[in-house]
Amino acid sequence: MGIGYTKTYDPFELKESYGIVKDASQWIKDNSKPALLVSRRSCALEVLPKIKGQLPLAIVNEDKCTGCTICYDYFTCPSILPLGNKKAFIDDTCIGCGACVEVCPFKAITIEGEKPEGWDAAWLD
Ligand code: SF4
Ligand code: SF4
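Residues numbered from 1 in each chain as written. Chains lettered and ligands numbered in written order. Predicted model: local features only at pLDDT ≥ 70, side-chain atom pairs only at ≥ 80, totals over all residues.

Visitor: Tell me about the environment of Arg-41, and please be specific about residues and values.
Guide: The topology assignment puts Arg-41 in the loop between strand S2 (35-39) and helix H2 (44-47). Arg-41 gets classed as partly exposed once you count the C-beta atoms within 10 Å, which come to 17. Once the C-alpha coordinates of Arg-41 and Ala-122 are considered, the two residues, 81 residues apart in sequence, prove to be 8.8 Å apart. When sequence neighbours within four positions are dropped, the list of residues in contact with Arg-41 reads Asp-10, Pro-11, Phe-12, Trp-123 and Leu-124. (Helix = DSSP H or I, 4+ residues; strand = E, 2+ residues; numbered from the N terminus. Buried ≥ 20, exposed ≤ 12 C-beta atoms within 10 Å, placed from the backbone. Contact = placed C-beta atoms within 7 Å.)

Visitor: Got a sec to walk through the site of ligand 1? Specific residues and values, please.
Guide: Around ligand 1 sit 14 residues in total, of which Cys-65, Cys-68, Cys-71, Ala-88 and Cys-104 are the nearest. Across the shell around ligand 1, the residue classes tally to 10 nonpolar, three polar and one charged. (Near = placed C-beta within 6 Å. Nonpolar A, V, L, I, M, F, W, Y, C, P; charged D, E, K, R; others polar.)

Visitor: Describe unusual backbone geometry, naming the residues involved and giving the relevant values.
Guide: In this structure, Thr-69 takes a positive phi of about 80° despite not being glycine. Secondary-structure assignment places Thr-69 in the loop between strand S3 (57-60) and helix H3 (70-75). Classification of Thr-69 as partly exposed rests on a count of 13 C-beta atoms within 10 Å.

In structure tokens:
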């Protein structure tokens, strides 16, 4: 069985990625064939050793966080954890990629710190 649907996408472009995955899912349903989606960014475990310097860190503003659960139940970055009151907490495994900032509908997540030199290029090697 051949693959008739192939697309390359940038997972840091969250809205565009969502659209591409949605289109691919529909294509699979309509055609009963597999689709191939290729992420342009490398795995973080491969990228991090190449980056020197302090990484930025995502922070949850507890006053703005409603405990909606979207970031840890649906987005599922492993650095985002639920607190007892359902609000989100981001631990120090965060690499500051910034994807979760777009995910939070209540604008409760911000990034602190600057990306070190070479940060962006390292993901595209
Ligand atoms: S998505 Fe935003 S509001 Fe919802 S739990 Fe996460 S940080 Fe809080
Ligand atoms: S900035 Fe990236 S690594 Fe950090 S919590 Fe958000 S999505 Fe996860």
